[in-house]
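An overview of the molecular structure
Spelled out, the chains give:
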Amino acid sequence: MPSPHLLTLHHLPAEEIRAILRDAIAFRAAHAAGTLPARLAGRTVGTLFFENSTRTRTSFSIAALRLGAEVIDLPVAGSSHAKGETLTDTARTVEALGVDALVVRAAQSGAVEVIARRVGCAVLNAGDGRHEHPTQGLLDALTLADAMGRTDTLDLSGLHVAIVGDVVSSRVARSNVFGLTSLGASVTLVGPPSLAPASLATLAPHVRVQHDFDAVLPHADAVMMLRVQFERHGDSTRMASPAFASLREFRAACGLSTERARRMKSDAVVMHPGPVNRGLELDGEVADSKRSLILRQVANGVPVRMASLVRCLNALPAHN
Ligand code: ASP
C-alpha cells in the first residue's frame, strides 16, 4: 500500500523511486509547456520548519502553489513551540486547522517520523537532524540521471559517486546513499575518520568508505560535496570543530579546490546540496564551473517536490 508519508529513502523500492522521478519529469515538462494541471486544487499544505532553510521550504511552497494548493508557512520562532509545546502537539494543532499535508524540518533525527505516527495528514520529511532528507536524495538522483544521459531509464548502474566531507553529520549523504545505490550506482563516502567513519559502509550494499580523497577523485563520475555542518559540531563561530584540527586541515584533506578539480575525469560532475561554504569544502570557481550541477539541483527540487506531494496526498485514506 502506498504511504501518505515520505520520511526516508531507506527501503523505498527502486521502482517506487523511479515512479516518483518519472512523475517529476512529467511535471517538469508540463511546466515548461505551460500545461501544469491543478492536481492539488482544494488541498492545503503547511510547512513547519524548526530549523533554517533557504531552498527547501521555498521549493516545497512553489511546488504546491503551482499545482493549485494553498500553502501556509507556519511560524516556529515565537510560536507555542518556543513556549515549551512539544513538536507533536504543534503538529497536531496545525493538522486540526485543516492542513492536508505537513512538510516538516526538525533538528532531531527521527522527530518527523514521530510526528507522522501521531497525525492523520500526510507528512513529508524536509530534513530531520542527521538522519534523512529524502526529497534532496530524489532531486539529486534526477539531476545525476539528467547529466549522465540516463533520464529515460533512471538507471544509474556503472556510475561511481563520491560523497565527500562531513558525511557523519549529513542527512543529505544518507538519503543519497539509499537513493543512488537503489538506482544502481556505487557510492564512496570520503572524509577523515572523524567525519567518515568506516562503519558508514554498512549503510547499504555498494557503499565504501575511503579516507584519501585524492585516491578516489580520478575515478568518480560525480563528486558530491557536503557542507561542513558546524552547528552539529557544537560550534557557533563556524571557525572550529572537534572533528578536525583546523579549517586548513579540513580543506587539505577533503576540500574540492580548483587544483583538485583538474584531476577529475574530464566529464565528471560536481554537486552540492547548498548552502555552500565557499572556499572551505568547495572553491567558488568550481561551484560556478561548467562541471557544477548546483543550480540544476535547485531547479529539479520543484518538480520532485510536486511529485512527492501528489504521491503522499493521493495515498491519504480520505482521498480514496
Ligand atoms: N540544505 C541541506 C540540509 O538541510 C544541506 C545543508 O544544510 O548542508 O541538510
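For the structure itself, look to the data block above.
Residues numbered from 1 in each chain as written. Predicted model: local features only at pLDDT ≥ 70, side-chain atom pairs only at ≥ 80, totals over all residues. Heavy atoms only, no water.

What about the site of the ligand?
Going by this rule: The near set for a molecule or strand comprises every residue that places at least one heavy atom within 4 Å of it. Identification of polar contacts relies on pairs of N or O atoms within 3.5 Å, with a donor-acceptor requirement for protein atoms, meaning one able to donate a hydrogen and the other able to accept it, and with residues adjacent in sequence counted only if both atoms are side-chain atoms. The protein chains shown are the only cover counted for residues, whose accessible areas, like all others here, come from Shrake-Rupley with a 1.4 Å probe. The classification used treats Ala, Val, Leu, Ile, Met, Phe, Trp, Tyr, Cys and Pro as nonpolar, Asp, Glu, Lys and Arg as charged, and all other residues, Gly among them, as polar.
Surrounding the ligand, one finds Arg 105, His 133, Arg 171, Val 172, Arg 227, Gln 229, Pro 273, Gly 274 and Pro 275. One of the side-chain N or O atoms of Arg 105 is found 3.1 Å from an oxygen atom in the ligand. In this structure, a nitrogen atom belonging to the ligand sits 3.0 Å away from a main-chain N or O atom of Gly 274. Out of a free accessible area of 260 Å², the ligand has 93% covered by protein chains. Partitioning the shell around the ligand into residue classes produces three nonpolar, three polar and three charged.

Points about the nonpolar core
To keep things clear, this is the line we draw: Think of a nonpolar core as a cluster: buried Ala, Val, Leu, Ile, Met, Phe, Trp, Tyr and Cys residues, connected wherever their side-chain atoms sit within 4.5 Å. Relative accessibility decides the category of a residue: with a 1.4 Å probe and only protein chains considered, values under 20% of the type maximum give buried, values over 50% give exposed, and everything between is partly exposed. Here a strand is any run of E in DSSP of at least two residues, a helix any run of H or I of at least four, and the numbering for each starts at the N terminus. By the convention used here, residues are in contact when the closest approach between their heavy atoms is within 4.5 Å.
Grouped together as the largest cluster of nonpolar side chains are 61 residues, with contacts concentrated most on Leu 21, Ile 163, Leu 180 and Leu 309. It is helix α11 (residues 294–314) that contributes the most residues to this core, eight residues altogether. Ignoring anything within four residues of it in the chain, the contact list for Ile 163 reads Ala 173, Asn 176, Val 177, Val 187, Thr 188, Leu 189, Val 190, Met 224 and Leu 226. If you look at the next biggest cluster of nonpolar residues, it comprises 26 residues, including Val 216, Leu 217, Phe 230 and Ala 287.

Overview of empty space enclosed by the protein
A probe matching the size of a water molecule, rolled over the atoms, marks out where space remains unfilled. The following threshold applies: Computed over the protein atoms alone on a 1 Å grid, cavities are sets of points where a 1.4 Å probe fits but cannot get out and pockets are open sets with protein on both sides within 12 Å along at least five of seven lines; a residue lines them when it has an atom within 4 Å of a point. Grid points are joined across faces, edges and corners, and a volume is the space filled by probe spheres set on the points.
On inspection of all chains with the given rule, the structure shows one cavity of 30 Å³ or more. The wall of the largest cavity is formed by Arg 55, Ser 59, Gln 136, Leu 139, Pro 273, Gln 297, Val 298 and Arg 305. At three residues, α11 tops the list of elements feeding residues into the lining of the largest cavity. Looking at the lining of the largest cavity, its residues break down into three nonpolar, three polar and two charged.

Focus: α11
Put simply, the rule reads: Multiply 1.5 Å by the residue count of a helix minus one, and that product is the helix's expected span. Fitting axes to the seven residues that end at a residue and to the seven that start at it, the angle between those axes gives the bend at that residue.
The terminal C-alpha atoms of α11, which comprises 21 residues, lie 31 Å apart, in line with the 30 Å expected from a rise of 1.5 Å per residue. Roughly 30° is the biggest bend found in α11, and it falls at Gly 301, with proline Pro 303 one to four residues downstream. In terms of burial, α11 is a largely internal element, 16 of the 21 residues being buried.

What about the sheet that holds strand β8 (residues 207–210)?
Here is the rule we go by: The pairing criterion for strands is at least two bridges between them, as found by DSSP. Note on definitions: angles span 0 to 180 degrees between N-to-C directions of axes, and those axes are lines fitted to C-alpha atoms, for helices only across the stretch in contact.
The strand order across the open sheet formed by five strands is β8-β7-β6-β9-β10, and the pairing between neighbours is parallel. Taken across any chain shown, the strands that pair with only one partner, and hence form the sheet edges, are β8 and β10 (269–271). Strand after strand, the sheet turns through a mean of 20° between neighbouring axes, direction not considered. Bridge count for strand β6 (residues 160–164) against strand β7 (residues 186–190) is five bridges, and the pairing is parallel. Note that in β7 the partner of Val 164 across the bridge is Val 190.

Describing the layout of surface pockets
Taken as a whole, the largest pocket spans an internal volume of roughly 420 Å³. Lining the largest pocket are 21 residues, with Arg 105, Arg 171, Arg 227, Gly 274 and Pro 275 positioned closest to its centre. Of all the secondary structure elements, the ones that give two or more residues to the lining of the largest pocket are α2 (55–66) and α6 (171–182). Residue classes in the lining of the largest pocket are distributed as four nonpolar, nine polar and eight charged.

Overview of the pairing of strand β9 (residues 222–225)
Both faces of β9 are covered, namely the face carrying Ala 222 and Met 224 and the face carrying Val 223 and Met 225. Two elements, β6 and β9, share four bridges in a ladder whose sense is parallel. The partner of Val 164 across the bridge, within β9, is Met 225. Sheet analysis places β9 next to β10, joined by three bridges and oriented parallel. Counterpart to Val 223 in the pairing with β10 is Val 270.

As for the pattern of salt bridges
Stated precisely, the cut-off is as follows: Take a side-chain nitrogen of Lys or Arg and a carboxyl oxygen of Asp or Glu: if they are within 4 Å of each other, that pair is a salt bridge.
With the rule as written, the count across this model stands at 16 salt bridges. Of the charged contacts in the structure, one is a salt bridge between Arg 18 and Glu 15, with a shortest N-O distance of 3.3 Å. Of the two residues, Arg 18 and Glu 15 are both situated in helix α1 (residues 14–33); the distance of three residues between them amounts to about one turn of the helix. A salt bridge links Lys 265 to Asp 221, with the shortest nitrogen-to-oxygen separation between them at 2.8 Å.

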